[in-house]
Amino acid sequence: FRVDVPPGARALTVANAGGSGDADLTHRRGAFPTATRSDGSSVLAGNQERCTVAAPAPGVWYVGVTAYSPLAGVTVSADWVLPPRRRLGRGSGS
């Protein structure tokens, strides 16, 4: 699936959870990940996996799921972290 990461994101995390089977994750900026081209992947057994990209480049990222055994009920998510907003001070004029 496609994820639009905004400018200034501190991290991008792709994860899967739940269900049954064995699903590995891959991610890639600008193009769908393939078996030979990705920016990162998870290769643990089962469906509790996570990949985190620190300071991801803004733009379109793609997430792929590879099933190493039949899957059922697996949830895949992608989240990014933005820096906290700065509170603007109040000005006064005379």
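An account of the accompanying structure is given in this report. (Residues numbered from 1 in each chain as written. Predicted model: local features only at pLDDT ≥ 70, side-chain atom pairs only at ≥ 80, totals over all residues. Heavy atoms only, no water.)

Some words on the overall build of the protein chain
- In terms of helices and strands, the protein chain carries 0 helices and 7 strands.
- Taken from N to C terminus, the helices and strands of the protein chain fall in the order β-β-β-β-β-β-β.
- A compact globule built from 94 residues would reach a C-alpha radius of gyration of about 12 Å, whereas the protein chain, at 17 Å, exceeds it by more than 25%.
- Dimensions of the protein chain, computed from the C-alpha atoms along their principal axes, are close to 70 × 25 × 15 Å.
- Per-residue burial for the protein chain yields a buried fraction of 30% across its 94 residues.
- Sequence-distant contacts in the protein chain: of pairs separated by 6 or more residues, those separated by 24 or more amount to 80%.
- Within the protein chain, the 6 negative side-chain charges are centred at a point lying 18 Å from the centre of the 10 positive side-chain charges. (Helix = DSSP H or I, 4+ residues; strand = E, 2+ residues; numbered from the N terminus. Rg over C-alpha atoms; globule rule 2.2 N^0.38 Å. Buried < 20%, exposed > 50% of the residue type's maximum accessible area, 1.4 Å probe, protein only. Contact = heavy atoms within 4.5 Å. Lys, Arg positive; Asp, Glu negative; His and termini not counted. Charge placed at Lys NZ, Arg CZ, Asp CG, Glu CD.)

Regarding the sheet that holds strand β2 (residues 11–17)
- Read from one edge to the other, the open sheet built from 3 strands follows the order β5-β2-β7, with strand pairing classed as antiparallel. Lying at the two open borders of the sheet, with one neighbouring strand each, are β5 (49–54) and β7 (75–81). With direction set aside, neighbouring strand axes in the sheet form an average angle of 10°.
- When β2 meets β5, the two strands line up antiparallel, connected through 6 bridges. Paired with A11 across the bridge in β5 is A54. (Pairing = 2+ DSSP bridges. Axes fitted to C-alpha atoms, helices over the stretch in contact; angles between N-to-C directions.)

Focus on unusual backbone geometry
- Not every positive phi belongs to a glycine, and A55 is a case in point at roughly 50°.
- Checked against the element boundaries, A55 lands in the loop between β5 and β6 (59–72).

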